[in-house]
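Take a look at the letters that make up each chain.
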Amino acid sequence: MRRSRAFLALTLAGALVATAACSKGSGGNAEAKVDKVEIMSWWVGPGEEPGLNAMVALLKTQHPEITFQNSGVAGGAGTNAKAQLATRLAANNPPDSYQRHAGQEIATDIKNGDVEDLTYLYQRNNWNSVFNKGLLETLTNNGKIYSVPVNIHRSNLLWYIPKTLTDLGIAAPPKSWDEFLTQAATIKSKGKTPLSIGPAWTQKHLLENVLLGELGVDKYNGLWNGKTDWTGADVNAALKKYTQIMSFSDLASAGADWQPAIDRVIEGAAVYNVMGDWAASYFDGAKKLKFKEGWNVTASPGTDGVYNFLSDSFTLPVGAPHKAAAEIWLTLCGSKEGQDAFNPLKGSIPARTDADKSKYTGYLETALADWGNPSTKVVGSLTHGVVANDAWNAEIDTALGLFIKSGDATAFASAVKTAYEKNK
Ligand code: GAL
């Protein structure tokens, strides 16, 4: 019950910016060839690609006639992939399918007429009755669905190494950001970095979870539909807290991507990192550390019982050169077999409700239980495309870059508010 109410809030937020799709024309290039499929994602490198590789292996077994062309572009949260994709879409040169987040991110493509309506694939595969209901609502735009989700990720997580905490005499990870700040002073005095951080998108990822932890679910949801005033006193206080938190990070030396930020936690140079649960794939797979003994995770401060969700999905671009092969790829993405091969290696839980639970062990067993708990409240991620459209998100990026340099919370809040009014 609570679950669908939380999702409803997201859907309503989406409706504010949802616009009817306009048609772009197929470009006359959509052949029924099934010899090749070109897929664009940002799942490149450790903690990112093992899940994709598992799906590609399945595709090869089921369809040996199809050559998989991996046009993955490295860079967490798709920063680089999205830029390359934009150039290709503008040139009418799309891949056969590309990764897009469920929610407002894909709404931009729909508005531009870049993606096909996939309602027929949903009907053909009976997906309306097997995909998570709230997720289906988030995916639906004016009664149609334009992408196929492979997973559900959680953004609001705090990662740490139990031994580091023990060595520092810290009994447990912080339950609130104030508690974090108290711990951080001690951690810093002992010569360690309290919180590791990476490039700009990871700073935004931290921001959304500080806002969630400080404001709570209702006010957080209100940030994305105009109901919470960005320039109000409570948001200002949360933004100031963010500045304080960032002052305990290694921002000055940060760069690279999310994996090097996690590496600093693993090495013990830093104590905590806020990241999505793709990090579980990195700890388990690339780093071969054991859940609970070698690494551990908890809800980011102030967000216990909340699932800040995002979902990776795949599209059928208008004018895809290998449309029939793309449909085969999309069908695999939506299948039980595909999702149960992909998700255990990706660090995410399936978008389907009929997955084989025995395949989800360790952290993922707890993620499935949290997601399925009727008292869990679901909210949507800013950084990963759920709650803000691309135009607004881009303005938030620019304003955040300035805010992190200046510390001027008032200027940031009013820039975000103005950008919302402009782009809603
Ligand atoms: C997210 C994406 C995840 C993961 C992460 C880090 O945007 O949804 O699947 O890849 O970025 O790159």
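Residues numbered from 1 in each chain as written. Predicted model: local features only at pLDDT ≥ 70, side-chain atom pairs only at ≥ 80, totals over all residues. Heavy atoms only, no water.

**Describing unusual backbone geometry**
- The phi dihedral of Ala77 falls on the positive side, at around 60°, and the residue is not glycine.
- By the secondary structure assignment, Ala77 is in the loop between strand S2 (67-70) and helix H3 (79-90). (Helix = DSSP H or I, 4+ residues; strand = E, 2+ residues; numbered from the N terminus.)

**Describing the confidence of the model for the protein**
- Scored by pLDDT, the protein has a mean of 93; 92% of the residues are at 70 or more.
- pLDDT under 50 marks residues 25-30. Its contacts with residues more than four places away, or in other chains, come to nine contacts. (pLDDT = per-residue confidence, 0-100. Contact = heavy atoms within 4.5 Å.)

**Brief notes about the side chain of Ser147**
- On the secondary structure map, Ser147 appears in strand S6 (residues 147-149).
- Once residues within four sequence positions are removed from consideration, Ser147 is found in contact with Ile106, Leu118, Tyr122, Leu139, Ser313, Phe314 and Thr315.

**Quick notes on the site of the ligand**
- In the neighbourhood of the ligand, 13 residues make up the surrounding shell, with Glu48, His101, Asp312, Lys346 and His384 lying closest.
- Take Trp42: an N or O atom from its side chain is 3.2 Å from an oxygen atom of the ligand.
- Take Ala77: an N or O atom from its main chain is 2.9 Å from an oxygen atom of the ligand.
- Protein contact buries 100% of the 310 Å² of open area that the ligand shows by itself.
- Across the shell around the ligand, the residue classes break down as six nonpolar, four polar and three charged. (Near = heavy atom within 4 Å. Polar contact = N/O pair within 3.5 Å; in protein donor to acceptor, adjacent residues only side chain to side chain. Areas by Shrake-Rupley, 256 points an atom, 1.4 Å probe, with all protein chains shown as cover. Nonpolar A, V, L, I, M, F, W, Y, C, P; charged D, E, K, R; others polar.)

**A short note on the pairing of strand S13 (residues 312-315)**
- Burial along S13 is two-sided: the residues Asp312 and Phe314 and Ser313 and Thr315 are all buried.
- Here three bridges tie strand S3 (residues 97-101) to S13, and the two strands are oriented antiparallel to one another. In the strand pairing of S13, Gln99 is matched with Phe314.
- As paired elements, S6 and S13 share three bridges and run antiparallel to each other. Bridged to Val148 within S13 is Phe314. (Buried < 20%, exposed > 50% of the residue type's maximum accessible area, 1.4 Å probe, protein only. Pairing = 2+ DSSP bridges.)

**Some points on the packing of aromatic side chains**
- Counting across every chain of the model gives 25 aromatic pairs.
- Summarising the aromatic geometry, the rings of Trp258 and Tyr282 are spaced 5.5 Å apart at their centres and angled 70° between planes, so their arrangement reads as edge-to-face. Taken together, the residues Trp258 in helix H11 (residues 258-267) and Tyr282 in helix H12 (residues 278-286) connect sequence positions 24 residues apart.
- Among the aromatic residues, those joined into a cluster by ring pairs are Tyr220, Trp224, Trp230, Tyr242, Trp392, Phe403, Phe412 and Tyr420. (Phe/Tyr/Trp six-rings, centres within 6.5 Å; stacked < 30°, edge-to-face > 60°.)

**Here we look at the side chain of Asn393**
- Within the secondary structure, Asn393 sits in helix H16 (residues 390-406).
- The exposure class of Asn393 is buried, given its relative accessible area of 8%.
- Separated by 3.2 Å, the side chain of Asn393 and the backbone oxygen of Leu382 make a polar contact.
- Asn393 has contacts with Lys204, Leu382 and Ala388, leaving out every residue within four places of it along the chain.

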